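Listed here are the chains, written in short residue letters.
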Amino acid sequence: LDSLRPDPISFLQVLPQAGNHVFLRPYPWEAHGFLQYAMVIQNFFIICLVALIFWFKFPGREILRRNLLFGVLLVFCLSIYLSIGYTIPFPGAIVRYRCIPETCLCLLAALGALAGRPTDYDYFNVYKKN
């Protein structure tokens with residue numbers, strides 16, 4: 001990364017590099033070793049998951065938009081990603097630090113995909129009206 005200065009313009013100039021650093025690196029041709037190849041596969045999986053979220057209209061998307069907690073969780077995950085991209089220079093460390101926000105993003109994707117579908121509560125609720 002280019003060196004950061006203590007002004008907002010510097011952070012905006014380095015933003016594409018930080019995003020590339022945390023979302024796309026290591027590229028498949030840069031990977032050396034099993035763990036870096038696993039990270040390449042993980043990056044591909046996450047990119048495909050995000051593309052599916054934008055491609056399909058999941059039934060729970062409106063539920064996620066209306067609930068403030070999910071928006072806060074999304075902003076929290078993206079801010080962690082960017083702070084990792086700005087500060088962490090090693091791919092091995094990036095894997096360790098990315099596990100919490102990726103788990104949260106996978107949870108948001110699962111809730112967006114499955115919300116509004118029948119659950120066991122619909123089948124086994126003894127108090128529901130017929």
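Up top is the structure.
My aim in this report is to walk through the structure given alongside it, one point at a time. The structure presented is a predicted model; accordingly, all values stated were derived computationally and were not measured. (Residues numbered from 1 in each chain as written. Predicted model: local features only at pLDDT ≥ 70, side-chain atom pairs only at ≥ 80, totals over all residues. Heavy atoms only, no water.)

1. Let's talk about the environment of Leu 49
Link 1 in the chain: Mapped onto the elements of the fold, Leu 49 is located in helix α2 (residues 34–55).
Link 2 in the chain: Beyond its immediate sequence surroundings of up to four residues, Leu 49 is in contact with Cys 106 and Ala 109. (Helix = DSSP H or I, 4+ residues; strand = E, 2+ residues; numbered from the N terminus. Contact = heavy atoms within 4.5 Å.)

2. Regarding the layout of surface pockets
Link 1 in the chain: Of the voids in this model, the largest pocket is the one considered here, and its volume is about 690 Å³.
Link 2 in the chain: Lining the largest pocket are 27 residues; nearest its centre among them are Val 50, Ile 53, Phe 54, Leu 74 and Leu 105.
Link 3 in the chain: Within the residue set of the lining of the largest pocket, elements represented by two or more residues are α1 (8–23), α2, α3 (61–66), α4 (68–87) and α5 (91–114).
Link 4 in the chain: The element best represented in the lining of the largest pocket is α5, accounting for eight residues.
Link 5 in the chain: Here the lining of the largest pocket is composed, by residue class, of 20 nonpolar, three polar and four charged. (1 Å grid on protein atoms, 1.4 Å probe; cavity = no way out; pocket = protein on both sides within 12 Å on 5 of 7 lines; lining within 4 Å. Points joined across faces, edges and corners; volume = space filled by probe spheres on them. Nonpolar A, V, L, I, M, F, W, Y, C, P; charged D, E, K, R; others polar.)

3. Quick notes on unusual backbone geometry
Link 1 in the chain: Arg 25 connects to Pro 26 through a cis peptide bond whose omega is -5°.
Link 2 in the chain: The topology assignment puts Pro 26 in the loop between α1 and α2.

4. Description of the packing of α1 against α4
Link 1 in the chain: Contact pair α1 / α4: the axes reach a minimum separation of 8 Å and the direction vectors enclose 100°. Considered as vectors, α1 and α4 are oriented roughly perpendicular to each other. Between α1 and α4, the contacting residues are Phe 11, Val 14, Leu 15, Ala 18, His 21, Val 22 and Phe 23 on the first element and Tyr 81, Leu 82, Ile 84, Gly 85 and Tyr 86 on the second. (Axes fitted to C-alpha atoms, helices over the stretch in contact; angles between N-to-C directions. Parallel < 35°, antiparallel > 145°, perpendicular 65-115°, else oblique.)

5. A word on the side chain of Glu 102
Link 1 in the chain: Mapped onto the elements, Glu 102 comes out in helix α5.
Link 2 in the chain: A polar atom in the side chain of Glu 102 sits 3.4 Å from the side chain of Tyr 81.
Link 3 in the chain: Leave out the neighbours within four places in its chain, and Glu 102 touches Gln 42, Ile 46 and Tyr 81. (Polar contact = N/O pair within 3.5 Å; in protein donor to acceptor, adjacent residues only side chain to side chain.)

6. Thoughts on a nonpolar patch on the surface
Link 1 in the chain: On the surface, Phe 23, Leu 24, Ile 47, Leu 74 and Leu 78 cluster together into a nonpolar patch covering about 390 Å² of accessible area.
Link 2 in the chain: Its place among the elements puts Leu 74 in helix α4.
Link 3 in the chain: Assessed through its relative accessible area of 38%, Leu 74 is described here as partly exposed. (Patch = residues over 30% accessible without salt bridge, like charges linked within 9 Å, V, L, I, M, F, W, Y side chains within 5 Å. Areas by Shrake-Rupley, 256 points an atom, 1.4 Å probe, with all protein chains shown as cover. Salt bridge = Lys/Arg side-chain N within 4 Å of Asp/Glu carboxyl O. Buried < 20%, exposed > 50% of the residue type's maximum accessible area, 1.4 Å probe, protein only.)

7. Concerning α2
Two residues of an α-helix separated by three or four positions point the same way, owing to the 3.6 residues in each turn.
Link 1 in the chain: Between the first and last C-alpha of α2 there are 31 Å, a value that for 22 residues agrees with the 32 Å anticipated at 1.5 Å per step.
Link 2 in the chain: Restricting attention to buried positions, one finds in α2 the residues Met 39, Val 40, Asn 43 and Ile 46. Along the axis of α2, the buried positions cluster into a sector of 130°, meaning they face one direction only. Summarising the geometry of α2, the exposed residues directed more than 90 degrees from the buried face are Phe 34, Ile 41, Phe 44 and Trp 55. (Expected span 1.5 Å × (residues − 1). Arc of directions from axis to C-beta.)

8. What about the state of the cysteines?
Link 1 in the chain: Scanning all chains against the criterion turns up zero disulfides.
Link 2 in the chain: Free of any disulfide, Cys 77 has its nearest cysteine sulfur in Cys 104, 4.3 Å distant.
Link 3 in the chain: A relative accessible area of 0% means that Cys 77 is categorised as buried.
Link 4 in the chain: With no disulfide partner, Cys 106 has as its closest neighbouring cysteine sulfur the one in Cys 104, 9.4 Å distant. (Disulfide = S-S within 2.5 Å.)

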